[in-house]
Amino acid sequence: MDSITIGGHSINPGETKHIELPMPPLYTDTHMAMPVYVQRGRRPGPTLFISAAIHGDELNGTEIIGRLIKSKSLKSLKGTLIAVPIVNVYGVLNQSRYLPDRRDLNRSFPGSKKGSLAGRLANLFYSEIVSKCDYGIDLHTGAIHRSNLPQIRANLDDEETLQLAHAFGMPVLLNADLRPGSLREAAAQTGTKVLLYEAGEALRYDEFSIRAGVKGIINVMREIGMLTKRKKQGHTITQYIARQSGWVRATESGFVSHKAQLGDHVSKGDILASIADPFGTELDTVISPEEGVIIGKQNIPLAQEGEAMYHIAYFRKPDSVTENMELLQDNLILDEPSIVY
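In this text the structure is predicted, and so the values were computed from the model without any measurement. (Residues numbered from 1 in each chain as written. Predicted model: local features only at pLDDT ≥ 70, side-chain atom pairs only at ≥ 80, totals over all residues. Heavy atoms only, no water.)

**Describing helix 3 (residues 117-128)**
Three or four residues apart is the spacing at which side chains of an α-helix point the same way, because the helix has 3.6 residues per turn.
Then, number 1: Here helix 3 is twelve residues long and its end C-alpha atoms lie 16 Å apart, about the 16 Å a rise of 1.5 Å per residue gives.
Then, number 2: Within the span of helix 3, buried status applies to Ala-118, Gly-119, Leu-121, Ala-122, Asn-123, Leu-124, Phe-125 and Tyr-126.
Then, number 3: Residues of helix 3 that are buried in the fold lie against strand 3 (16-23), strand 4 (32-40), strand 5 (43-52), strand 6 (78-84), helix 2 (89-94) and helix 5 (183-189). (Helix = DSSP H or I, 4+ residues; strand = E, 2+ residues; numbered from the N terminus. Expected span 1.5 Å × (residues − 1). Buried < 20%, exposed > 50% of the residue type's maximum accessible area, 1.4 Å probe, protein only. Contact = heavy atoms within 4.5 Å.)

The following block contains the structure:
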C-alpha cells in the first residue's frame, strides 16, 4: 500500500495520526482547525470515512466516533479509517446547525476554495477526505427539539449501497433522493458509497442511538472487509425499506399533547396529538394521513400552525418495525458485558 496524504501529512500503512486541517480563523484571530483521525492497517483494504457534526448541533455522532476509535475491534484493521468527529467546528462552538454565514454546510458541497465560508469548508472536507475514500458513513440527528428513530438513509437503488445499509443493522431503511449540494450528492460524483445514519436529537446524547451507531459502523466495516467477520449474535432483525416518507404538520397553533411516539405504527385516521389553547380547550387533533411508522417527532409541547410535527415512513408491513427496534435494543444489551463491539 502507498502512503496517503491529508493536509500535507503522509500516513503510511500501520500508522495512526491525528491531523488538524486549517480553516479560516475567527474574528479574534483565533486559529481554527478540523480534527481528523487516521488509522491505517498494515494489510490492504478499502478506505472509509466517518463524519459527524456537519450540522454543528448534531453531537451524537461525535460521541460515536470517540467510542469507535477506542474499540478493540480496530486492532485487526485492514485498509484505512478516516474519522472526522467535528466537521462544522464553527457550528459546534455556537451550538448551531449552521455556519456563521447562516449557510447549511450540507447544501454547500462540493464547494470552492474561493467561495463562501460554507463553500470553502465544504471544499476542504470534500477534497482532503471524501474524494480519497471508497465508502463513507455520515452521522446525523434530528433538528433542535426533534428526535429521529435510528435509521439509515441512502440511495437504496444502488445494489452495493443497499448491501451496506442492510449490514449496518437498523430495522428502518429509507430510500432518500440525492439533494443538490449535499455531501451524498458530491460523493456520488466520485463513486464514493455513502450511508447517512440518523438517530436522536440535536444537542443531546442518546445512549441507545450511540451504541447502535458504533455497532452499525463496525458491522459495515466487517461487510467491506476492513474487519474480520464473526458469527452474528442475538436475534435476527427484520429490516423494512421505506420508499416514501412525509411530515404531518400542525393544523392549529397551541399547546401539544402527544399521543404517538417514535417507532409507533399508525394507521390512516389515527390521532397523533391534540392541540389546545392556554386554557386547556382542545382546538384540533393531528391525524395520520396514511399507514406507516413514526421515524421523526417534535419534542417541544408547542406548535405553530403549519409546523412539522411527525415524520412518517410508509411501509408495506410497518406493524413489525417497533418489535424489531426492541430486538435491536436487546442485541445491544447482549453485547454490553464485553463493550468490545
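**A word on the pairing of strand 7 (residues 135-140)**
Then, number 1: Counting buried positions over the six residues of strand 7 gives six, a clear majority of the element.
Then, number 2: With five bridges joining them, strand 5 and strand 7 adopt parallel strand pairing. Opposite Ser-51, over in strand 7, you have Asp-138 as the bridge partner.
Then, number 3: As paired elements, strand 7 and strand 10 (residues 193-201) share six bridges and run parallel to each other. Within the sheet, the bridge partner assigned to Ile-137 lies in strand 10 and is Leu-195. (Pairing = 2+ DSSP bridges.)

**Here's the deal with the sheet that holds strand 16 (residues 282-287)**
Then, number 1: Strands sit in the order 16-15-13-18 across an open sheet of four strands; the sheet is antiparallel. Looking at strand neighbours, the two that pair on one side only are strand 16 and strand 18 (302-303), the edges of this open sheet.
Then, number 2: Relative to strand 18, strand 13 (residues 254-258) is paired through two bridges, and the arrangement is antiparallel. Note that in strand 18 the partner of Phe-255 across the bridge is Leu-302.

**Regarding the packing of aromatic side chains**
Then, number 1: Following the criterion strictly, the structure yields four aromatic pairs and no others.
Then, number 2: Chaining the aromatic ring pairs together yields one cluster made of Phe-49, Phe-109 and Phe-125.
Then, number 3: Across the ring face of Trp-247, the terminal group of Arg-146 is positioned such that the distance to the ring centre comes to 5.1 Å. (Phe/Tyr/Trp six-rings, centres within 6.5 Å; stacked < 30°, edge-to-face > 60°. Lys NZ or Arg CZ within 6 Å of the ring centre and 35° of its normal.)

**Here's the deal with the pairing of strand 17 (residues 292-298)**
Then, number 1: For strand 17, the buried fraction is high: seven of the seven residues fall into the buried class.
Then, number 2: Relative to strand 17, strand 8 (residues 146-154) runs antiparallel, the two being bridged by three bridges. Looking at strand 17, one finds that Asn-148 is bridged to Gly-296.
Then, number 3: Of the pairings in the sheet, the one linking strand 14 (residues 265-266) to strand 17 comprises two bridges and is antiparallel in character. Note that in strand 17 the partner of His-265 across the bridge is Val-293.

**A closer look at the layout of surface pockets**
Then, number 1: Approximately 740 Å³ is the volume found for the largest pocket.
Then, number 2: Along the wall of the largest pocket there are 29 residues; nearest its centre are Arg-107, Arg-153, Arg-179, Glu-198 and His-311.
Then, number 3: Those elements that place two or more of their residues in the lining of the largest pocket are strand 7, strand 8, strand 9 (172-175), helix 5, strand 10 and strand 12 (244-249).
Then, number 4: Each residue belonging to the lining of the largest pocket can be placed in one class, and the counts come to seven nonpolar, eleven polar and eleven charged. (1 Å grid on protein atoms, 1.4 Å probe; cavity = no way out; pocket = protein on both sides within 12 Å on 5 of 7 lines; lining within 4 Å. Points joined across faces, edges and corners; volume = space filled by probe spheres on them. Nonpolar A, V, L, I, M, F, W, Y, C, P; charged D, E, K, R; others polar.)

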